[in-house]
Amino acid sequence: MVTEQIKTRIAELESFLVEFRRDLHRHPEFSMQEVRTSGRVAEVLEQYGIPYRRIGATGIAADITGGRPGPRILLRADMDALSVTEETGLPYASETPGAMHACGHDCHTAMLLCAGIVLQEMREELSGSVRLMFQPAEEIARGAAAMVEGGALEGVDVCFGMHITPNYPLGTVGYSRGPAASAASFFAIDVNGKSGHGSAPQNAVDAIAASAVMITSFQTLLSREIDPLKNAVVTVGKIEGGDRFNIIPGHVHMEGTARTYYPEVFRHIEEMVKRVVTGVAKTYRCTAEVDYQNLTEVVENEDAMIDLVVCASDRVLGEGVAFRTPPFTGSEDFCEFSTRRPSAFVWLGAGDPEAAEHYDHHHSKFCIDERALKNGAALYAAVAAEYLTERS
Ligand code: NI
């Protein structure tokens, strides 16, 4: 009965849901600057009498209290956009130059808000409560931590989040067991040598030669030091050094990232990067500094929570539409919740079956099939309802 209620109400709210998402899409806001977005969320929460509090400048935690006592589930959406210039040509494309909802967080916000309306209306039938959490700054991996610090997890028993994706077909839900997303780090390396004439290397200390050895050593040592059955990626994505073809550069700056699903591998890579930088710099007569920061831990799905999500998906979206996927090699600051409470984080399929090409997250032509929005809203609501059903 609850399932039918969710489906019917979401269908009635679909045009609101699509319009709300399009409005957010037109007005993307960068991490920690989601002022208009959170303001619009707050307006709707007020309109439907859902009590909420602000956490930080732009975070929102809203509580729906069920008719009977019971546990509390947190449903999470993120709200921030990216510094990408939109090239979708959509009628509701970004009106802010250089900013775009290129990761679909506009969808997450709209879907969660819509689910919140439905859950608020059926709250008498829930045994326990729901916390709707609208977080800022997922893209810089700071928003979730700020919400936790602001007390968003207080009284929360379990957490659920999802990410929309054009990489899986419309109507499906992708889930993994165990790891769901990678741990991720950021590192910056500064290599200092001594500049000189390109024809007289003996009078200089070449920072580029040392940097080149560092980059190749990372790849070689990964293959020699990490269990081949465990994934490990080190990418140097930025390198700057030198001014002219015939001048040996005295300084090189590099930036990179490491990814893995294994906490022990994550620690090993940090030690390895620092060891290589120090050792190679010394061998090549340079000095070097490393700024190494862990951005996110592994997002781990709890089995019982995944069972619950699959069950909710079967009920509200159709038997068997949830399917098992490999974990995501990218990262998610949802780890701030999943490392503290039993959690599930899944993928909402939004690939238009007619589209000739799908553009991935963060691409300037990133685009989802809007028919997935009602699926996402229904899944948020159904997972909560499933968790807050009294079991005899
Ligand atoms: Ni994202």
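Quick caveat: nothing in here was measured; it's all calculated off a predicted structure.

Asks: Where do I start with the overall build of the protein chain in this structure?
Replies: Tallying secondary structure elements over the protein chain gives 9 helices and 16 strands in all. Relative to its length of 392 residues, the protein chain is compact, with a C-alpha radius of gyration of 24 Å against a globular reference of 21 Å. Each principal axis of the C-alpha atoms in the protein chain carries an extent, and together these give about 80 × 45 × 40 Å. Long-range contacts, defined as pairs at least 24 residues apart, comprise 81% of the intrachain contacts of the protein chain with a sequence gap of at least 6. When the accessible surface of the protein chain is summed, it comes to about 16500 Å², and 52% of that surface belongs to carbon and sulfur atoms. Here the protein chain contributes 35 positively and 54 negatively charged side chains, and the mean placements of these two sets differ by 3 Å.

Asks: What am I meant to see in the packing of aromatic side chains here?
Replies: Given two aromatic rings, their pairing is described by the distance between the two centres and the angle made by the two planes. Counting across every chain of the model gives 9 aromatic pairs. Aromatic pair F160 and Y380: ring centres 5.9 Å apart, planes at 80°, arrangement edge-to-face. Residue F160 is found in strand β5 (residues 158–169), and its partner Y380 is found in helix α9 (residues 372–387); the two are separated by 220 residues along the sequence. Arranged with centres 6.4 Å apart and planes meeting at 75°, the rings of F345 and W347 form a pair that is edge-to-face. One aromatic cluster in this structure is built from F328, F334, F337, F345 and W347.

Asks: Could you clarify how one ought to interpret α9 in this entry?
Replies: Each full turn of the α-helix corresponds to 3.6 residues, which orients residues three or four apart in the same direction. In this model α9 runs 22 Å from its N-terminal to its C-terminal C-alpha over 16 residues, within 8% of the 22 Å that 1.5 Å per residue would give. Among the 16 residues in α9, 15 count as buried, and that is most of the element.

Asks: How should I be thinking about the coordination of the nickel ion in this particular structure?
Replies: Six octahedrally arranged donors around a metal ideally form angles of 90 or 180 degrees; four tetrahedrally arranged donors ideally form angles of 109.5 degrees. Protein-derived ligands of the nickel ion are C103 (SG), H105 (NE2) and H163 (NE2), with the metal-ligand distances lying across 2.1 to 2.3 Å. Read in sequence order, the donor residues coordinating the nickel ion give the pattern C-x1-H-x57-H. Of this pair, C103 sits in the loop between β3 (68–78) and α3 (105–121) while H163 sits in strand β5; the two residues are 60 residues apart in sequence, bridging distant segments of the chain. On the basis of relative accessibility, which here comes to 7%, the residue C103 falls in the buried class. Judged by its relative accessible area of 4%, H163 is buried.

Asks: Before we go on, may I ask you to explain the sheet that holds strand β15 (residues 322–324) in this structure?
Replies: Sheets are built from strands that pair by backbone hydrogen bonding, the pairs being arranged parallel or antiparallel. Pairing is mixed in the open sheet, where 8 strands are placed in the order β1-β2-β4-β3-β5-β16-β6-β15. Both edges of this open sheet fall to β1 (52–55) and β15, since each of them pairs with a single strand only. Averaged over neighbouring strand pairs, the angle between their axes works out to 25° when direction is ignored. Judged from the 2 bridges that link them, strand β6 (residues 173–175) and strand β16 (residues 343–351) form a sheet pairing that is antiparallel. Within β16, the residue paired with V173 across the bridge is L348.

Asks: Any chance you could explain empty space enclosed by the protein here in plain terms?
Replies: Gaps between atoms show up when a probe of the same size as a water molecule is rolled over them. Counted by the stated rule, this structure contains 1 cavity of 30 Å³ or more. Approximately 40 Å³ is the volume found for the largest cavity. Lining the largest cavity are Y175, S176, A180, T325, P326, P327, F345 and W347. Residue classes in the lining of the largest cavity are distributed as 6 nonpolar, 2 polar and no charged.

Asks: Sorry, what's going on with the domain arrangement of the protein chain here?
Replies: One frequent convention defines the size of an interface as the accessible area lost when the parts assemble. Each assigned domain of the protein chain is listed with its residue range as follows: domain 1 (2–181 + 298–389) and domain 2 (183–296). Listed by partner, the interface residues are 12 residues for domain 1 and 9 residues for domain 2. Of all residues in domain 1, V298, T329 and S331 bury the most surface against domain 2, accounting for 52% of the area lost on that side. At the surface where domain 1 touches domain 2, the tally comes to 0 salt bridges.

Asks: Is there a simple way to explain the layout of surface pockets in this structure?
Replies: Each pocket or cavity is described by its volume, and for the largest pocket that value is around 680 Å³. What lines the largest pocket is a set of 29 residues, among which R259, F328, G330, S331 and H362 lie closest to the centre. Elements with a contribution of two residues or more to the lining of the largest pocket: β5 and β13 (287–296). Residues that form the lining of the largest pocket fall into these classes: 10 nonpolar, 12 polar and 7 charged. Inspection of the lining of the largest pocket shows a minimum of three residues originating in each of domain 1 (2–181 + 298–389) and domain 2 (183–296). Looking at the second largest pocket, its volume works out to about 240 Å³. Secondary-structure elements contributing two or more residues to the lining of the second largest pocket are α1 (2–26), α7 (303–316) and α9.

What counts and how
Residues numbered from 1 in each chain as written. Predicted model: local features only at pLDDT ≥ 70, side-chain atom pairs only at ≥ 80, totals over all residues. Heavy atoms only, no water. Helix = DSSP H or I, 4+ residues; strand = E, 2+ residues; numbered from the N terminus. Rg over C-alpha atoms; globule rule 2.2 N^0.38 Å. Contact = heavy atoms within 4.5 Å. Areas by Shrake-Rupley, 256 points an atom, 1.4 Å probe, with all protein chains shown as cover. Lys, Arg positive; Asp, Glu negative; His and termini not counted. Charge placed at Lys NZ, Arg CZ, Asp CG, Glu CD. Phe/Tyr/Trp six-rings, centres within 6.5 Å; stacked < 30°, edge-to-face > 60°. Expected span 1.5 Å × (residues − 1). Buried < 20%, exposed > 50% of the residue type's maximum accessible area, 1.4 Å probe, protein only. Donors = N, O, S within 2.8 Å, 3.2 Å for Na, K, Ca; no water. Pairing = 2+ DSSP bridges. Axes fitted to C-alpha atoms, helices over the stretch in contact; angles between N-to-C directions. 1 Å grid on protein atoms, 1.4 Å probe; cavity = no way out; pocket = protein on both sides within 12 Å on 5 of 7 lines; lining within 4 Å. Points joined across faces, edges and corners; volume = space filled by probe spheres on them. Nonpolar A, V, L, I, M, F, W, Y, C, P; charged D, E, K, R; others polar. Domains from an automatic or database assignment. Buried area = accessible area lost by both parts, 1.4 Å probe. Salt bridge = Lys/Arg side-chain N within 4 Å of Asp/Glu carboxyl O.

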